[in-house]
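Descriptive structure summary
Here is what each chain is made of, one letter per residue.
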Amino acid sequence: MTLRPTDQERIARARNDLRLGIPVCVGGSVVAAVENLTRERFEALLALGPERARLVLTARRASTLNARAYDGDLARIELPSDVTLAWLRASADPASDLDHPMKGPYVSDRTGSADVHRTAVTLCKQAFLLPAALVIEGAGDAAFAAAHGFVTAPLVDPDPDVVILDETSAARVPLAVSSAGRVHVFRPRDGAEEHYAIEIGQPDRAVPVLSRLHSACFTGDVIGSLKCDCGPQLRAALAQMGAEGQGVLLYLNQEGRGIGLANKMRAYALQDQGFDTVEANHRLGFEDDERDFRIGAQILKLLGFSAVRLLTNNPGKVAMMQATGVHVAERVPLRVGETPQNAAYLATKAAKSGHLL
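Residues numbered from 1 in each chain as written. Predicted model: local features only at pLDDT ≥ 70, side-chain atom pairs only at ≥ 80, totals over all residues. Heavy atoms only, no water.

This next bit is on the UniProt feature "domain: GTP cyclohydrolase II" (unreviewed entry) in the protein chain. The UniProt record annotates "domain: GTP cyclohydrolase II" (unreviewed entry) at residues 171-333. The annotated region residues 171-333 carries 38% helix and 25% strand content, and the separation between its end C-alpha atoms amounts to 30 Å. (UniProt positions renumbered as here; feature names shortened; annotations may be inferred. Helix = DSSP H or I, 4+ residues; strand = E, 2+ residues; numbered from the N terminus.)

Let us look at the pattern of salt bridges. Following the criterion strictly, the structure yields 22 salt bridges and no others. We note a salt bridge from E199 to R205, for which the minimum N-O separation is 2.9 Å. Judged by relative accessible area, which is 32%, R205 ranks as partly exposed. Counted as one network, the salt bridges with shared partners bring together R54, D71, R76 and D109. (Salt bridge = Lys/Arg side-chain N within 4 Å of Asp/Glu carboxyl O. Buried < 20%, exposed > 50% of the residue type's maximum accessible area, 1.4 Å probe, protein only.)

It is characteristic of soluble globular proteins that their nonpolar side chains tend to be buried jointly. Counting 30 residues, the largest nonpolar core has L79, L88 and L134 as its most contacted members. Elements with a contribution of two residues or more to this core: strand 2 (29-33), helix 2 (39-46), strand 3 (53-58), strand 4 (74-78), helix 4 (85-92), strand 6 (132-136) and helix 6 (142-148). The element best represented in this core is helix 4, accounting for four residues. Listed in part, the 22 residues of the second largest apolar core include L74, A120, A133 and V151. (Core = buried A, V, L, I, M, F, W, Y, C linked by side-chain atoms within 4.5 Å.)

What follows deals with the domain arrangement of the protein chain. Partitioning the protein chain into domains gives domain 1 (7-153) and domain 2 (165-254 + 291-353). Taking only C-alpha atoms, the centre of domain 1 and the centre of domain 2 are 35 Å apart. Contacts between the two partners involve four residues from domain 1, matched on the other side by five residues from domain 2. Ranking the residues of domain 1 by area buried against domain 2 places Q8, R15 and F128 at the top, with a combined share of 88%. In this structure, the connection of domain 1 to domain 2 is made through zero salt bridges. Between the two partners, domain 1 and domain 2, sit one residue pair in polar contact (both at pLDDT 80 or more). By residue class, the composition of the side of domain 1 that touches domain 2 is two nonpolar, one polar and one charged. (Domains from an automatic or database assignment. Contact = heavy atoms within 4.5 Å. Buried area = accessible area lost by both parts, 1.4 Å probe. Polar contact = N/O pair within 3.5 Å; in protein donor to acceptor, adjacent residues only side chain to side chain. Nonpolar A, V, L, I, M, F, W, Y, C, P; charged D, E, K, R; others polar.)

Moving on: the pairing of strand 6. Counting buried positions along strand 6 yields five of five residues, so the element is predominantly enclosed. Every second residue of strand 6 is oriented toward a common face, with A132, L134 and I136 on one face and A133 and V135 on the other, all of them buried. Alignment of strand 2 against strand 6, held across four bridges, turns out to be antiparallel. Bridge pairing in strand 6 links V31 to V135. One ladder, built from five bridges, connects strand 3 with strand 6; its direction is antiparallel. Paired with V56 across the bridge in strand 6 is A133. (Pairing = 2+ DSSP bridges.)

A few words on the environment of K227. Within the secondary structure layout, K227 lies in the loop between helix 7 (218-222) and helix 8 (230-244). Assessed through its relative accessible area of 28%, K227 is described here as partly exposed. Residue contacts for K227: discarding those within four places in its chain leaves Y268, Q271, Q341, N342 and Y345.

Strand order across the open sheet formed by seven strands is 8-9-10-12-11-13-14, with mixed pairing between neighbours. The open sheet terminates on both sides in strands that have one partner only, identified here as strand 8 (165-172) and strand 14 (327-332). Between one strand axis and the next, the sheet turns by 25° as a mean value, whatever way the strands run. As judged from the five bridges shared by strand 10 (residues 195-200) and strand 12 (residues 247-252), these two strands associate in the antiparallel manner. The residue of strand 12 that forms the bridge with I198 is L249. Lying over the sheet, helix 12 (residues 294-302) contacts strand 8, strand 9 (181-188), strand 10, strand 11 (209-215), strand 12 and strand 13 (307-311), oriented at roughly 140° with respect to strand 12. Each of strand 11, strand 13 and strand 14 touches helix 13 (residues 315-323); the most contacted strand, strand 14, lies at about 165° to it. (Axes fitted to C-alpha atoms, helices over the stretch in contact; angles between N-to-C directions.)

A few words on the packing of aromatic side chains. The tally for this structure, following the rule as stated, stands at two aromatic pairs. Across from the ring centre of Y268, 4.7 Å away, lies the NZ or CZ of K227, which sits over that ring. (Phe/Tyr/Trp six-rings, centres within 6.5 Å; stacked < 30°, edge-to-face > 60°. Lys NZ or Arg CZ within 6 Å of the ring centre and 35° of its normal.)

In structure tokens:
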């Protein structure tokens, strides 16, 4: 028996340290998130050897900068001799792209392994930071990590298996749509955000349950934003479950299609510049959709359900449920909440993301 942290726990620590602005060590290199890198730490990291330093961006972000992504999904960019922290931030954050379009030319590295760099970007995404990292190659051995108090994390699989969840607690919660409401809280073992299941009535586990996988949307669900249809979908789904007397709504903490609220607001700001929702995500360095719907399937199975009538307009959710062993007996359309403010957004979801609207 050992008291040492597991690999999963060290990854969680590294993710949290990057959110705090503290560098971490991965595979013998030092990794720092560009978004919250301070000037003092930037200068200290650069002093370890500017020739070993690389700015790592996703291929999505690199393409907007005309930088070569030789590694397929990411670009390892050499730092210019006169590099500044402002240059790093401008390369990572598209907020000023239209005002300052000429930041290059960018020179991409195509030698050696990109495994550490890929882990750096993955950790930034998991921390809901901009997917951009400064990597000082070969500067973060065990002695260096110990001397500076840095967490040492293993390489991260960029396409991991679904994280394991455990039901932490549950209690009866009378709701406006049904007095027979019950809330279940599920906690991932990797230390990430909790997810919730709202059970209406006492659904029969032997028949397909009316269900919805609803991704958290602070702006739509809580403050009534008109830029999306999330709030109306949430309320309509619960109302339909209440009317039928049973159902399960999964409330997954995957805000902004999995990029987090801060990055979602960055995407909104880009939309105000004329980019659609998909283009905005790409300019930030993210994919169209970073969510993992396998989490929803796992929760349904833990609750004892194997088949659903899925309230969704998104064929991707149907496909993911089927692929993970949850039978979708029926796709139940949920077309509510269109406004003049979100009409273009909904049209983009239909045209580029395949939503059935």
